[in-house]
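Results of the structural survey
Next come the chains, spelled out residue by residue.
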Amino acid sequence: MSNECKYEINTKHGELLIVDEPLNYEDSKQVCESLSSILAPMNNEEIIQEISSHLTPCNATAYHGNTFPRQRDVMKWTGGLETYRNNGKWSDGVEYNDTLHDNLFMDDAGPMYSLTCKTSYLEPTKKLLAFDSCSDERPFVCMRLPVVPEAKEDRTTHLFIIGLAMICIVLFLFQMLRFGKCMARGGNKLKRGTVRQAADDLERRALDA
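Scoring rules and cut-offs
Residues numbered from 1 in each chain as written. Predicted model: local features only at pLDDT ≥ 70, side-chain atom pairs only at ≥ 80, totals over all residues. Heavy atoms only, no water. Helix = DSSP H or I, 4+ residues; strand = E, 2+ residues; numbered from the N terminus. Buried < 20%, exposed > 50% of the residue type's maximum accessible area, 1.4 Å probe, protein only. Areas by Shrake-Rupley, 256 points an atom, 1.4 Å probe, with all protein chains shown as cover. Pairing = 2+ DSSP bridges. Core = buried A, V, L, I, M, F, W, Y, C linked by side-chain atoms within 4.5 Å. Contact = heavy atoms within 4.5 Å. Disulfide = S-S within 2.5 Å.

A look at the overall build of the chain
Across its full length, the chain carries four helices and 10 strands. Taken from N to C terminus, the helices and strands of the chain fall in the order β-β-α-β-α-β-β-β-β-α-β-β-β-α. The burial tally for the chain puts 31% of its 209 residues in the buried class. Of the roughly 14,300 Å² of accessible surface on the chain, a fraction of 56% belongs to carbon and sulfur atoms.

What about the pairing of strand β7 (residues 87-90)?
Across the two faces of β7 the burial differs, with Gly88 and Trp90 buried and Asn87 and Lys89 not buried at all. When strand β6 (residues 77-84) meets β7, the two strands line up antiparallel, connected through four bridges. Paired with Glu82 across the strands is Lys89, a residue of β7. Counted along the chain from β6 to the antiparallel partner β7, the turn is two residues long, and its residue Arg85 has a positive phi close to 60°.

Some remarks on the nonpolar core
With 19 residues, the main nonpolar core has Met42, Ile51, Leu55, Phe105, Leu122, Leu129 and Val141 as its most contacted residues. Ranked by the residues each element gives to this core, the list is headed by helix α2 (residues 45-54), at three residues. Aside from chain neighbours lying at most four places away, what touches Leu122 is Met42, Ile48, Ile51, Ser52, Leu55, Met75, Lys76, Trp77, Lys127, Leu128 and Leu129.

Description of the environment of Lys118
Mapped onto the secondary structure, Lys118 falls in strand β8 (residues 118-123). Residue Lys118 is classed as partly exposed on the basis of its relative accessible area, which comes to 27%. Each C-alpha atom, one on Lys118 and one on Arg85, is 8.8 Å from the other, the two residues being 33 residues apart in sequence. Setting aside residues up to four positions removed in sequence, Lys118 forms contacts with Leu81, Glu82, Thr83, Phe131, Asp132, Ser133 and Cys134.

Topic: the state of the cysteines
In the structure shown here, the tally under the stated rule is three disulfides. Each sulfur in the disulfide pair Cys5 and Cys58 lies 1.9 Å from the other. Between Cys5 and Cys58 the sulfur-sulfur dihedral comes to about 90°; the bridge is accordingly right-handed. Pair noted here: Cys5 is in the segment before β1 (8-11) and Cys58 is in strand β4 (residues 58-61), with a separation of 53 residues, a long-range link. Note on accessibility: Cys5 and Cys58 belong to one class, buried. The disulfide bridge from Cys32 ends at Cys142, spanning 2.0 Å between sulfur atoms. Taking the torsion about the S-S bond as the criterion, the Cys32 to Cys142 disulfide, at about -85°, is left-handed.

Now the structure itself:
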């Protein structure tokens, strides 16, 4: 079958999971979380261009096996931004920034003051975002972010640090030992000096007598 709809697409930004079922913002978030992903954070031009390029007309397969055309390019897709009053945050935790993000929206119109939740949506043909109520139901795209591998423990570094600590301890004990000997010598000299002085005093007294 030609031009079959794709639902999982790998990109350099992460794996895209396309969900055609319209849901409100909160339900969309929960579905993405259940898929170990987040709502796609469409917070820069590169990501918007990438996602838009995959939201094109395609042929979907119904449960009974028949195919039908799905016009993904003319649908509005939830864009992973939640705003309340004039504050906004993208699904990846990035705070909304007027300078960086206003130009992603039609007419450069960023979040407007509202006492209710507003979210962004993408129009793929325009490759631009707009705002609408969080309660409106739209299809959405989840994104599974790339996993950054954990740094392996460097045993050589650990052994070097342990060895260096042992050397420092030995040197410290050696210095303490030398200090103790110096104190002992000084004490003996002081003691001998005191006895000699006492003897000289007695001798002087004997001569005077």
